[in-house]
Amino acid sequence: MTATTQDAPRRRAVPRSGGGGWAAGLQRYGIVGVLVAVAVVAAIVSPSFGTVDNAANIVTAACFIGLITIGQSFVLITGGIDLSVGSMIGLGTVLAALAAPAGWLAALLVPIAAGIGLGLINGLLVGKARMAPFIITLSALLAVNGIAVALASSSIVIERGFFTSIANGSVLGLPNLVWILLIAFVAAAVVLNRTPFGSRMFALGGNEEAARMMGVNVTRVKIQVYTISGGLAGLAGALLASRLSSGVASLGSTYELKSIAAAVIGGVLLTGGVGTMLGALSGVLLIAMIDNLINQMGSLNAYFQDLFTGVFLVLAMIVQTLLSRRRDH
């Protein structure tokens, strides 16, 4: 098999900054321009929006959705979807609260281990059993939420200590959550663009049968991306528990939808094969900025947050569809 044949699925799947023309470039980096434009307009509308402290608040608030958006993007790039991450965050906060008396390490690792276990089950059912990702992860959402409520029907308070300082402390003047989010996205970008695993994800999302003929272990890749997604959701739950000093089963509700919205707004195609971590991060920050601006204005109801997110999502889908058609011609 020649190198040209092996590279074909990825070339078809990944937006190209050069050969793909302006449409591919806009699809890849357009969201960054939108993010900058919204930030400028927001700073004009609300002078307090443009302060350094507020910028740190926005990134801090974006950390939890940001972490699960990384995993969600990996899954979407392969052509799947993970609806279980929101309920896993809720379960993660509960498990962290229950494990906290045993020490900060247990409070951090138990939710991550649970998330990895959930992701592994999802991956096995989607990859090996070849069941529909939507149905499997929707079922997992309901099951995990039920487990979380059974473990804690009410809030569990975590005593302040080293564990709670993880999400509330700072290093070199920046909140720890900002560092965690940035490091996570940089690591994810390296994995996606500089490793064979990233190439396999793009190949799988571009054309599953072609990827299989190339020698890609499709089942293994699917298991891996769902496991990563679950592990990141568990980490997000642990950090949220650390931030709020409590575990609540309902925390993380609708986060799965926001992670999908952030990824799609950032240029990750629901049909698979296309996506960047820069775009996904921009989508996460855009949603966080809108939420922050609405909270600062005070005159708008909080429900407008979901309204604006929905509008951006629809616009992103329309633009992506048009650009994809342009690239294909």
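Residues numbered from 1 in each chain as written. Predicted model: local features only at pLDDT ≥ 70, side-chain atom pairs only at ≥ 80, totals over all residues. Heavy atoms only, no water.

Quick look at the overall build of the protein
Formally: Each helix is a run of DSSP H or I of at least 4 residues and each strand a run of E of at least 2, with the numbering of both proceeding from the N terminus. Note on exposure labels: buried denotes an accessible area under 20% of the residue type's maximum, exposed denotes more than 50%, and partly exposed covers the range between, all computed with a 1.4 Å probe on protein chains only. In what follows, residue pairs with any heavy atoms lying within 4.5 Å of each other are defined as contacts.
For the protein, the count of helices and strands is 14 helices and four strands. A buried classification covers 51% of the 329 residues belonging to the protein. Counting contacts in the protein only where the partners sit at least 6 residues apart, residues at least 24 apart contribute 79% of the total.

Regarding the pattern of salt bridges
What counts, and what does not: Any carboxyl oxygen of Asp or Glu that lies within 4 Å of a side-chain nitrogen of Lys or Arg is treated as forming a salt bridge with it.
Considering all chains together, one arrives at three salt bridges under this definition. Arginine 212 is paired through a salt bridge with glutamate 208; the nearest N and O atoms lie 3.2 Å apart. With arginine 212 and glutamate 208 both in helix H10 (residues 208-214) and four residues apart, this pair spans about one turn of that helix. Using a relative accessible area of 29% as the deciding quantity, one classes arginine 212 as partly exposed.

Considerations on helix H4 (residues 85-99)
Where we set the bar: What a helix should span is 1.5 Å times the count of its residues minus one.
The terminal C-alpha atoms of H4, which comprises 15 residues, lie 20 Å apart, in line with the 21 Å expected from a rise of 1.5 Å per residue. Across the 15 residues that make up H4, a large majority, 14, are buried.

Brief notes about helix H6 (residues 133-151)
To keep things clear, this is the line we draw: It is the directions from the helix axis to the C-beta atoms whose arc is reported.
For H6, with 19 residues, the first-to-last C-alpha span of 26 Å sits near the 27 Å given by 1.5 Å per residue. By the burial criterion, the buried members of H6 are Ile136, Thr137, Ala140, Leu141, Val144 and Ala148. Looking straight down H6, one finds its buried side chains confined to an arc of 140 degrees; they lie on one side. Along H6, the residues that are exposed and aim more than 90 degrees away from the buried face are Leu142 and Ala150. Contacts made by the buried residues of H6 are with H4, helix H5 (104-127), helix H11 (218-244) and helix H12 (255-265).

Notes on the confidence of the model for the protein
Operational definition: What pLDDT reports is the predictor's confidence in each residue, on a scale of 0 through 100.
Mean pLDDT over the protein: 87, with 86% of residues reaching 70 or higher. Long-range and interchain partners of residues 1-19, a stretch whose pLDDT sits below 50, account for 31 contacts in this model, where long-range means more than four residues apart.

Observations regarding the packing of aromatic side chains
This is how the line gets drawn: Here is the rule: rings of Phe, Tyr and Trp (six-membered ring for Trp) pair when centre to centre is within 6.5 Å. Planes less than 30 degrees apart are stacked, more than 60 are edge-to-face, and the remainder are tilted.
Inspection of the entire model under this criterion finds one aromatic pair. Ring geometry for tryptophan 104 against phenylalanine 162: centres 5.0 Å apart, planes inclined by 65 degrees, an arrangement best described as edge-to-face. Remark: phenylalanine 162 occurs in helix H7 (residues 162-168) and tryptophan 104 occurs in helix H5; sequence separation between them is 58 residues.

Considering the packing of helix H3 (residues 52-77) against H11
What counts, and what does not: Only C-alpha atoms enter the line fits that serve as axes; for helices the fit covers just the stretch in contact. Angles between N-to-C directions range over 0 to 180 degrees. Roughly parallel covers angles under 35 degrees, roughly antiparallel covers those over 145, roughly perpendicular covers 65 to 115, and oblique covers all other angles.
In contact at an axis separation of 7 Å, H3 and H11 are set at 170 degrees when each is read in the N-to-C sense. One way to sum up the angle between H3 and H11 is to call them roughly antiparallel. For the pair H3 and H11, contact is made by Thr60, Cys63, Phe64, Leu67, Ile68, Ile70, Gly71, Gln72, Phe74 and Val75 and by Val225, Tyr226, Ile228, Ser229, Leu232, Ala233, Leu235, Ala236, Leu239, Leu240 and Arg243, respectively.

Some words on the packing of H5 against H6
This is how the line gets drawn: Working rule for handedness: look at the near helix, and if it is turned counterclockwise from the far one by less than a right angle, call the crossing left-handed; if clockwise, right-handed. Think of it as three bins: nonpolar holds Ala, Val, Leu, Ile, Met, Phe, Trp, Tyr, Cys and Pro, charged holds Asp, Glu, Lys and Arg, and polar takes everything else, Gly as well.
Taken N-terminus to C-terminus, the directions of H5 and H6 make an angle of 150 degrees; their axes are 9 Å apart at the nearest point. Considering their axes alone, H5 and H6 lie roughly antiparallel with respect to each other. The chirality of how H5 crosses H6 is right-handed. Every residue of H6 that contacts H5 at Leu118, Asn122, Leu125 and Val126 is listed here: Pro133, Ile136, Thr137, Ala140 and Val144. Considering only residue class, the contact of H5 with H6 consists of seven nonpolar, two polar and no charged.

Observations regarding the nonpolar core
Selection criterion: What makes a nonpolar core is a set of buried Ala, Val, Leu, Ile, Met, Phe, Trp, Tyr and Cys residues whose side-chain atoms join them at distances within 4.5 Å.
With 88 residues, the main nonpolar core has Ile70, Phe74, Phe185, Met201, Val225 and Met277 as its most contacted residues. Ranked by residue count, the leading element in this core is H3, at 13 residues.

Here's the deal with a nonpolar patch on the surface
This is how the line gets drawn: Residues forming no salt bridge and having over 30% relative accessible area are the ones grouped into patches, like charges within 9 Å of each other and nonpolar side chains (Val, Leu, Ile, Met, Phe, Trp, Tyr) within 5 Å. Reported accessibility uses the Shrake-Rupley method at a 1.4 Å probe radius. Residues are deemed covered only where the shown protein chains occlude them.
Together, Leu307, Val311, Val314, Leu315 and Ile318 line one region of the surface with nonpolar side chains, adding up to about 430 Å² of accessible area. As for its placement among the helices and strands, leucine 315 is situated in helix H14 (residues 303-328).

So, unusual backbone geometry
The residue arginine 130 is not glycine, and still its phi comes out positive at about 55 degrees. Relative to the helices and strands, arginine 130 is located in the loop between H5 and H6. Within the chain, serine 245 stands out as a residue other than glycine whose phi angle is a positive 55 degrees. Checked against the element boundaries, serine 245 lands in the loop between H11 and strand S4 (246-247).

Here we look at the environment of leucine 67
If you trace the backbone, leucine 67 turns up in helix H3. For the pair leucine 67 and glycine 234, spaced 167 residues apart in sequence, the C-alpha separation works out to 9.6 Å. When sequence neighbours within four positions are dropped, the list of residues in contact with leucine 67 reads Ile180, Leu181, Ala184, Leu232, Leu235, Ala236 and Leu239.

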